[in-house]
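# Architecture and fold: a report
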Amino acid sequence: MVIKLAIIIGAAYFIYDKLAHNSQLNFDVFSAQLKASGVFKISTISILLLATFLNWFVEIIKWKTLVQHIKYISLWESTAHSLGGLTASLFTPNRIGEYGAKALYFPKSERKKVLGLNFLGNIAQLVATAFFGMIGFSFFVYQFGVELPWHKILRMFVIITLIGGIFILGIKQKRFQIKGFSWNSLKSFTKKISNKIHLKNISFSFIRYIIFAHQFYFLLLLFGLNTSYLTAMSAITAMYLITSLIPMLFIFDVIVKGSVAVWLFGYLDFPELSILSIVSLMWIFNFVLPSIVGSYFVLNFNPSFTEEKSMAS
């Protein structure tokens, strides 16, 4: 119980600190922006909450589908795993703590498989981000003639490729080992999962991406963006692509996205305060609110009960 309360209190504090002491956005200015945009209208809030619900509902269905490779879990159990994992992973880089949080819902004999399934789910979401992001970013660069430091990008690409190649080669030759995992075991595990589950995994990831990208677009329209749909979506997808490549603590997500968004939407002559308000709202609706719901599941988490139930089934 002490650990559970520590997670909840810690999550609550970081959320409060981020909202009350955001160096990028003054709280009074933020409030004024919201009132001027009409965000507080019941119809507007309803649309934003619906998008948030659909975003996480698709994620919950995706996790339920992936876990079918091991066992059947109910929609309620999948909700507990997804939202409880979100809350417990707030303080970790790129939400890596979600892996351990979800694994604890399963008996020890299944936890390695759960880690693998969570990895596949996150990779599918990254594929969706990269797919839309590369298209959007290419369109954005072409349309606005953005000058990129290609020599730095090429150097970074070479370094990442070399490090990745050395790491993969090391795993294959068993020079780098993660307890219980190997290159062959990962390939074998992936092949054992049915093509139907793989297809659903990537499909749900694409659907989820489309939902929250258009939620962002809806907020842009609400704050008075006056540009074409393609231009706006190219900036949105480019923003998500760039921020997905930056390792960061999850609690700094809103700051990093805000900085990247200000740079990209500057080409559209969109006010800095407006884009920072939108990024903050996206963070509140898609992470703060779900993590508050996830607090319930953290408080009611019982690993010993979960393990007995799994073994009984």
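An account of the accompanying structure is given in this report. The shown structure was predicted, so the numbers you read here are calculated from the model rather than taken from an experiment. (Residues numbered from 1 in each chain as written. Predicted model: local features only at pLDDT ≥ 70, side-chain atom pairs only at ≥ 80, totals over all residues. Heavy atoms only, no water.)

### Some remarks on helix α12 (residues 272-299)
In this model α12 runs 39 Å from its N-terminal to its C-terminal C-alpha over 28 residues, within 8% of the 40 Å that 1.5 Å per residue would give. I284 marks where α12 bends most, by close to 35°. Here α12 lies mainly inside the structure; 21 of its 28 residues are buried. (Helix = DSSP H or I, 4+ residues; strand = E, 2+ residues; numbered from the N terminus. Expected span 1.5 Å × (residues − 1). Bend = angle between axes of the 7 residues up to and from the residue. Buried < 20%, exposed > 50% of the residue type's maximum accessible area, 1.4 Å probe, protein only.)

### Structural notes on the environment of F106
Mapped onto the elements of the fold, F106 is located in the loop between α5 (97-103) and α6 (111-144). For the pair formed by F106 and H81, sequence separation is 25 residues and the distance between their alpha carbons is 10.0 Å.

### Points about the packing of helix α4 (residues 75-88) against α12
It is at 7 Å that the axes of α4 and α12 come closest, and there the two elements cross at 115°. Taken together, the axis directions place α4 and α12 in an arrangement best described as roughly perpendicular. Relative to α12, the crossing made by α4 is left-handed. Listed contacts from α12 to W76, T79, A80, L83, G84, L86 and T87 of α4 are F287, P290, S291, V293, G294, S295, Y296, F297 and V298. Taken together, the residues that form the contact of α4 with α12 break down as 10 nonpolar, 6 polar and no charged. (Axes fitted to C-alpha atoms, helices over the stretch in contact; angles between N-to-C directions. Parallel < 35°, antiparallel > 145°, perpendicular 65-115°, else oblique. Left-handed = near helix turned anticlockwise from the far one by under 90°. Contact = heavy atoms within 4.5 Å. Nonpolar A, V, L, I, M, F, W, Y, C, P; charged D, E, K, R; others polar.)

### Examining unusual backbone geometry
Note on backbone geometry: most residues besides glycine have negative phi, and most peptide bonds are trans. Notably, D269 is not glycine yet its phi reads approximately 55°, a positive angle. Inspection of the secondary structure puts D269 in the loop between α11 (253-266) and α12. You can call D269 exposed: its relative accessible area is 71%.

### Brief notes about the packing of α6 against helix α9 (residues 195-222)
Where α6 meets α9, the axes come as close as 8 Å, and the angle between the chain directions of the two elements is 50°. Accordingly, the angle class assigned to the pair α6 and α9 is oblique. As for how α6 packs across α9, the hand of that crossing is right-handed. Residue-level contacts link L120, G121, A124, Q125, V127, A128, T129, F131, F132 and G133 of α6 to H198, N201, I202, S205, F206, R208, Y209, I210 and F212 of α9. Class assignment for the residues of the contact of α6 with α9 results in 11 nonpolar, 7 polar and 1 charged.

### Some remarks on the pattern of salt bridges
Considering all chains together, one arrives at 3 salt bridges under this definition. Here E59 and K62 are joined by a salt bridge, their closest N and O atoms 3.5 Å apart. Here E59 pairs with K62, and both are found in helix α3 (residues 42-67), just 3 residues apart, close to one helical turn. Its relative accessible area of 9% is what places E59 among the buried residues. Taking relative accessible area as the criterion, K62 reaches 2% and is therefore assigned buried. Between E59 and R208 there is a salt bridge, with the nearest N and O atoms lying 3.1 Å from each other. (Salt bridge = Lys/Arg side-chain N within 4 Å of Asp/Glu carboxyl O.)

### Here we look at a nonpolar patch on the surface
Residues L50, F53, L54, F57 and L75 make up a contiguous nonpolar surface patch of about 430 Å² in total accessible area. The leading source of residues in the nonpolar patch is α3, at 4 residues. Checked against the element boundaries, L75 lands in helix α4. (Patch = residues over 30% accessible without salt bridge, like charges linked within 9 Å, V, L, I, M, F, W, Y side chains within 5 Å. Areas by Shrake-Rupley, 256 points an atom, 1.4 Å probe, with all protein chains shown as cover.)

### Brief notes about the packing of aromatic side chains
Counted according to the given criterion, the structure contains 19 aromatic pairs. Each ring, one from F131 and one from F206, has its centre 5.5 Å from the other, and the planes form 50°; the classification is tilted. Taken together, the residues span a long stretch of sequence, with F131 in helix α6 and F206 in helix α9 at a distance of 75 residues. For the ring pair F132 and Y209, a centre distance of 4.9 Å and an interplane angle of 10° mean the geometry is stacked. With F132 in helix α6 and Y209 in helix α9, this residue pair connects regions lying 77 residues apart in the sequence. Since its relative accessible area comes to 22%, F132 is described here as partly exposed. Judged by its relative accessible area of 1%, Y209 is buried. An aromatic cluster of at least three residues, connected via ring pairs, comprises F131, F132, F206, Y209, F212, F216, Y240, F265 and F270. Positioned above the aromatic ring of W63 is the side chain of K102, whose terminal nitrogen or guanidinium carbon lies 4.0 Å from the ring centre. (Phe/Tyr/Trp six-rings, centres within 6.5 Å; stacked < 30°, edge-to-face > 60°. Lys NZ or Arg CZ within 6 Å of the ring centre and 35° of its normal.)

### A word on the nonpolar core
With 39 residues, the main nonpolar core has F216, L220, I236 and F265 as its most contacted residues. Broken down by secondary-structure element, the contributors of at least two residues to this core are α6, α9, α10 (229-244), α11 and α12. (Core = buried A, V, L, I, M, F, W, Y, C linked by side-chain atoms within 4.5 Å.)

### A word on α10
For α10, spanning 16 residues, the distance from its first C-alpha to its last is 22 Å, which sits close to the expected 22 Å at 1.5 Å a residue. Across the 16 residues of α10, 12 count as buried, placing the element largely inside the fold. Of all the positions in α10, only T231, A232, M233, S234, A235, I236, T237, A238, M239, Y240, L241 and T243 are classed as buried.

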